[in-house]
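Residue-level structure breakdown
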Amino acid sequence: MFPGQGAYVPAALARLAVDEPLVEETLRPLDVAAVRLGRSAPSRFLLDERAPTLSELVDEAPADLHTALFAAEMVLFRLLMERHKLCPDVLLGHSFGELVALTAAGVYEPAEGMALVAARDEAFAARPPEHGGMLALEMSASRAEGLLVGLGEWEVTLAADNSPRQCVVSGPVEPLGRVRRAAGAIGVRATELRVPYAFHHRMLAAVAGDFTRRATALRAGPARHLLHSAILGRRVDDTDAVADLVAAHLVRPTRFTDAVRLLHAQGVEVFVECGPRGTLSDLVTATVPGVRAIAPLRRRVGGPEWADSLSGLTPAPRTTSIPAAPPRSPSAPAARMHRPGPASTPADAGEGRTEQAAEETPSGAGAFPDRRSVVATLRTLYAAALGYPPEVLTDDADLEADLGVDSIKQTELFARAATRFGRTLPADGSRLTSYTTLDALAGLLSTLPADGTRAGAPA
């Protein structure tokens, strides 16, 4: 699975690159391709701990954000294929991630895929749309569409059906504001997304037309992997389907819930996320409980942790029929992801994180609480400071992308947390940009040395 625009973590691949030479090997030609297109080298954002945050890139350099996302997802896909000899039965993208999936499927070579991403940004520059927005609603897509009909808000439309209880609508700013207030009045949580435009909306029709024209100049070939489009609702198995997807990418809704249910009904039992964070994996488990959804890069990890997250997946002969394709290079494996043993449960994952935190606790800080207790304390502390209900601050809610907490406020709050737990702050404050969930912050706290003036446990 290839996630969309929110799947960015500063220096996401920094630790992984230390253990996996394939990371930098994959990034080098992508850096060259990006620079030729007038973009910054993606490795600057994926390997440097001083990399800008998601909000900074959204506001100041969205084109660099998109090339960084593309590069990160292609690196992770290559690691799965070549390092772990795992080959997918089917590829699935979400929104922007559909462009990455096209490249991973072999429709575009990596440099051409980078050019496709650049063409999308150039289309926005050439045909700037009216300002719009997007609103995430904690309700089903069908219920949201009923709400829009009841309100008579015809300018607001469904943009993404993410899971049975989560969807996104888009449209002009003022009508979106009315929808947000109406949702709040009936007890539905509504969150404004940090985007400048109404993606997956007819407001982008002119941009979509320009993007389609630019994309026709790029070389496209047959897919080497089966690819399902959540936007088209079908397989992308010929050049006509690729053209349809490019044309629809910006104006039609993403039907991710339907795609996940269909693939599961066809026998897919393991979903692996090829991108930072774990947004799509969480949507999958919310849609089809009991399946195994793996997000190997929920946070920055090294090679051993990355490999551990893939335990239980073993190479096996491909059984899924795919369209005819040119011969593969000798380096491409012939294997698929399958599930030979019982799936890990959310409880298992939580226990693993707690054990890891205990192992990482510095010497002399033996009294430091377990990770779950630290997360609970952080939840209370942050909720009080931000004015949010505690239940909104889930373990993996992103403080910036999901809750709108900027990097300055995050630094201030973490300083309070460090004082509460008697820890010494890291000398380089930029490290905090890679720890944007309560669970990640709890893990970071456990690694910090005691300041020598307070006990390790909070009052």
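The structure presented is a predicted model; accordingly, all values stated were derived computationally and were not measured.

The final tally for this structure, using the stated rule, is five aromatic pairs. A centroid spacing of 5.8 Å and a plane angle of 55° characterise the contact between Phe2 and Phe77, whose relative ring orientation is tilted. Of the two residues, Phe2 sits in the segment before helix H1 (14–19) while Phe77 sits in helix H5 (residues 62–83), which places them 75 residues apart along the sequence. Taken individually, Phe2 and Phe77 each receive the classification buried, so the pair is uniform in this respect. Both rings, one in Tyr197 and one in Phe199, keep their centres 6.3 Å apart while their planes meet at 75°; by these two values the pair is edge-to-face. By relative accessible area, Phe199 is classed as buried at 9%. One aromatic cluster in this structure is built from Phe124, Tyr197 and Phe199.

All right, on to helix H11 (residues 239–248) then. Where H11 is concerned, the buried positions are Ala241, Val242, Leu245, Val246 and Ala248. Looking at the buried positions of H11, the neighbouring elements they touch are helix H6 (97–104), helix H10 (205–215), strand S6 (227–229) and strand S7 (234–235). The backbone nitrogen of Ala241 has a side-chain oxygen 2.7 Å away, supplied by the residue at the start of H11, namely Asp238.

What follows covers the confidence of the model for the protein. Model confidence for the protein is summarised by a mean pLDDT of 83, while 83% of its residues fall at 70 or above. Per-residue pLDDT stays below 50 along residues 316–365; that stretch engages in 82 contacts with residues further than four places along the chain or on separate chains.

Let us now look at the sheet that holds S6. Across the sheet, three strands lie side by side as S1-S6-S7; this open sheet has mixed pairing. What marks the edges here is a single partner per strand, and that holds for strand S1 (91–92) and S7. Taken together, the two bridges between S6 and S7 define a ladder with antiparallel strand orientation. Bridged to His228 within S7 is Arg235.

Here we take up the pattern of salt bridges. Side chains bearing opposite charge may pair, as long as their charged atoms lie close to each other. On inspection of all chains with the given rule, the structure shows 22 salt bridges. Here Arg194 ties to Asp59 by a salt bridge, and the two come within 2.8 Å at their closest N and O atoms. One end of the pair, Arg194, is in the loop between strand S5 (190–192) and H10; the other, Asp59, is in helix H4 (residues 54–60), with 135 residues separating them in the sequence. Note on Arg194: relative accessible area 38%, which makes it partly exposed.

Tyr8, Leu13 and Leu102 are the most contacted members of the largest nonpolar core, which totals 86 residues. The element contributing the most residues to this core is H5, with 13 residues. Grouped together as the second largest cluster of nonpolar side chains are 23 residues, Val375, Phe421, Tyr435 and Ala440 included.

Procedures and definitions
- Residues numbered from 1 in each chain as written.
- Predicted model: local features only at pLDDT ≥ 70, side-chain atom pairs only at ≥ 80, totals over all residues.
- Heavy atoms only, no water.
- Phe/Tyr/Trp six-rings, centres within 6.5 Å; stacked < 30°, edge-to-face > 60°.
- Helix = DSSP H or I, 4+ residues; strand = E, 2+ residues; numbered from the N terminus.
- Buried < 20%, exposed > 50% of the residue type's maximum accessible area, 1.4 Å probe, protein only.
- Contact = heavy atoms within 4.5 Å.
- Polar contact = N/O pair within 3.5 Å; in protein donor to acceptor, adjacent residues only side chain to side chain.
- pLDDT = per-residue confidence, 0-100.
- Pairing = 2+ DSSP bridges.
- Salt bridge = Lys/Arg side-chain N within 4 Å of Asp/Glu carboxyl O.
- Core = buried A, V, L, I, M, F, W, Y, C linked by side-chain atoms within 4.5 Å.

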